[in-house]
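# Structure assessment
So the chains spell out like this:
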Amino acid sequence: MITLRGLTKRFGATVAVDALTVDVAPGRVTGFLGPNGAGKSTTMRMILGLDRPTAGQALIGGRAYRELRRPLHEVGALLDARAIHPARAGRAHLLAMARSNGIPARRVDEVLDTVGLDGRAAAKPGRTLSLGMGQRLGIAGALLGDPPVLMFDEPVNGLDPDGVRWVRQLMRSLADQGRTVFVSSHLMSEMQLTADQLVVIGRGRLLADAPIDDVIAGSAVAVRVRSPHPDGLATLATRLAATGATVEPAGPDELTVTGTTVDRVGDLAYELGVRLHELSPHGASLEQAFMELTADSVEYAGGPTGSGAR
Amino acid sequence: MSTSTLPDTRPAPAAFRGAVAAEWTKLFSVRTTWWTALAGLLLMAASAGQLAIYAANDNTNDDPTDDRGIVAVGSVLIDSVELTQYAVLALGLLAITAEFTSGTIRTTLQCTPSRGRVLLAKAVVAGTVTFALGLLLGGVGALIARPVLGEWGRAPAGDTIADIVALATYLALVSVLALGLGAALRSAVLTLTVLFATLMIVPLSLQEPDIAVLNRIADVFPGVAGTHFLAGDTEPYPGAVGLLLLAGWAGAALLLGRAALRRRDA
């Protein structure tokens, strides 16, 4: 369980994270979505005690990270796949991590096996690792202490399709084992496939914290209506507009209706006796929901909000 | 989850032992460590050889005012350290600045969130390794200087061993000083510049006009204090005071580094 209470981070005049209050629950994959510079990485760094919050707190199982004495047994995290000494072999990197927390060396080989890095890849110095191998090494490090809480910052970056599928399955199985899994991503489609719960932020503010199905359902659905009878279509358009829906002609025999549902358009067409050739919902994807949620927050993005590139 | 209900009861000494083991693993898993040790060895061999040649030449040339008489091997070693230390202190320096450059400081602090514990573990490892390296350097320097000095040299076993141990202690403390400064300044180049100024440039400039009050100020600097300790001086203060001054500088640098690590974002 990760608990954020009024978590705030300011860099000078810029508010990178703005009073976030979120509970990340165990047993499911929680996606952490937001445009670049929204404050995702900063939030994760504060959870790990790397960045000091300006206000509020981030707790893991009720305690601040800096108080933990065996943190790798409590939280595993992949922050930056590039964060390995250029001359140090991947295995030595993991071995140093393991020793710091009293984890036996054989566990290093176990996690290397889990992430699919063989002995030769693990013996290569950090500078020669591809981004994909770096991601796998980072995930191996997160798994070292068999922790109940896992955090991954953009874990599928640089992975090939096989790797992406593997990460997806890994997240799922970790959550199914009852662990807390908190994954950030800017890939909305990826979240749609892996996440159960979504936490969406924009410009450091919480925009949504809800089950993924609710987020999608809450987005505006456009309804496409096609009819061979122009007169009937015009009548339908008038009646729909009267109920508060927005109607736009999409062609001589077609309408795009927003602000209503497919069911209500269908009922109305039946009532008016208008013959329909098509009645379909459009754009009910996480992608669209995300765009709508973050529309205001990306508008002003582009300034240094202190996330990502550090 | 069995681990989720496990209380965080690991005692502090175990956490510290873990941090030391991790630092040890990190230090010896990069080739830089060995190159640094080799550079130190070569510098020591060259310095000790050269200084021994100078001493022998001074005694054998025609100018009687140059005559240094019989020179102790230990004094050649102590003079050789002035240059050699810059290779050796890199071990302490890089232990922290390389972490900032590569971003591994975040991994390190994830594994050991206590900043003081991380820095102390690094100090123990860097101090131990540079002490051992210092013993090796002293031995090699003595083996080179003794035959070069020939009839003009003397190397009583007890004194020479004491000099070598003192030299190793000096190097260990200077590398801890470098570590602490590196944690505060983060950049290797900046830290090396500050070290060069503190160990050599500033005290030399202070001593240059030979004004009593400026000399007294220079005596407090770590490099000068270390020299008084190594030389076993009685003036301006006993050698032991020099050792304490140098240790104080190293301790202060660690405290400064810890404060910086605690306060600043990683």
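The structure under discussion appears in the preceding block.
Here goes a summary of the coordinates provided. (Residues numbered from 1 in each chain as written. Chains lettered and ligands numbered in written order. Predicted model: local features only at pLDDT ≥ 70, side-chain atom pairs only at ≥ 80, totals over all residues. Heavy atoms only, no water.)

### Section: the overall build of chain A
Note the threshold: Helix and strand labels come from DSSP, where a helix needs a run of H or I of at least four residues and a strand needs a run of E of at least two; each type is numbered from the N terminus. Note on definitions: a residue-residue contact is assigned when non-hydrogen atoms from the two residues lie within 4.5 Å. A 1.4 Å probe and the Shrake-Rupley method give the accessible areas. Residues count as covered only by the protein chains that appear here. The positive count covers Lys and Arg only, the negative count covers Asp and Glu only, and His and the chain ends enter neither. The atoms used to mark charge sites are NZ of Lys, CZ of Arg, CG of Asp and CD of Glu.
Secondary structure assignment for chain A yields eleven helices and 13 strands. Dimensions of chain A, computed from the C-alpha atoms along their principal axes, are close to 75 × 45 × 35 Å. Within chain A, contacts between residues separated by at least 24 positions form 71% of all contacts whose residues are at least 6 apart in sequence. When the accessible surface of chain A is split by element, carbon and sulfur atoms take 51% of a total near 13,300 Å². Separation between the mean location of the 33 positive side-chain charges and that of the 33 negative ones in chain A comes to 12 Å.

### A word on unusual backbone geometry
Condition: The classification of residues rests on relative accessible area computed with a 1.4 Å probe and restricted to protein chains. Under 20% of the type maximum is buried, over 50% is exposed, and intermediate values are partly exposed.
The omega torsion of the bond from B:Glu235 to B:Pro236 falls at 0°, within 30 degrees of zero and hence cis. Mapped onto the elements of the fold, B:Pro236 is located in the loop between helix 10 (222–231) and helix 11 (239–263). If you check the backbone angles, A:Ala19 has positive phi at about 50° while not being a glycine. Within the secondary structure, A:Ala19 is located in strand 2 (residues 14–24). Exposure remark for A:Ala19: the relative accessible area of 43% places this residue in the partly exposed category.

### Let's talk about the sheet that holds strand 11 (residues 246–251) of chain A
All names here are of chain A. What counts is decided by this rule: If DSSP finds at least two bridges between two strands, the strands pair. Geometry is summarised by axes, namely lines fitted to C-alpha atoms with helices restricted to the contacting stretch, and by angles between N-to-C directions that run from 0 to 180 degrees.
Pairing is antiparallel across the open sheet formed by four strands, whose spatial order is 11-12-10-13. Here the strands that pair on one side only, and so sit at the sheet edges, are strand 11 and strand 13 (278–282). Ignoring which end each strand starts from, the neighbouring axes of this sheet average 25° apart. Taken together, the five bridges between strand 11 and strand 12 (residues 254–258) define a ladder with antiparallel strand orientation. Among the inter-strand pairings, Thr246 is bridged to a residue of strand 12, identified as Thr258. Contacts between helix 10 (residues 262–272) and the sheet are confined to strand 10 (222–226) and strand 13, with strand 13 contributing the most and set at about 165° to the helix.

### Quick look at the interface of chain B and chain A
Where the parts come together, the accessible area they lose is often given as the size of the interface. Going by this rule: The term buried area refers to how much accessible surface (probe radius 1.4 Å) is lost by two components on association, counted for both of them together. The salt bridge criterion pairs a side-chain nitrogen of Lys or Arg with a carboxyl oxygen of Asp or Glu, the two atoms within 4 Å. We define a polar contact as two N or O atoms separated by no more than 3.5 Å, with the added condition that, inside protein, one atom must be a possible hydrogen donor and the other a possible acceptor, whereas residues neighbouring each other in sequence contribute only through side-chain atom pairs.
With 37 residues of chain B in contact, the opposing surface of chain A contributes 45 residues. Both faces combined, the contact of chain B with chain A buries some 3,300 Å², and carbon together with sulfur accounts for 53% of it. The interface formed by chain B and chain A holds two salt bridges in total. Put simply, A:Asp80 and B:Arg106 hold a salt bridge, and the shortest N to O gap is 3.7 Å. Inspection of the chain B/chain A interface yields twelve residue pairs in polar contact (both at pLDDT 80 or more).

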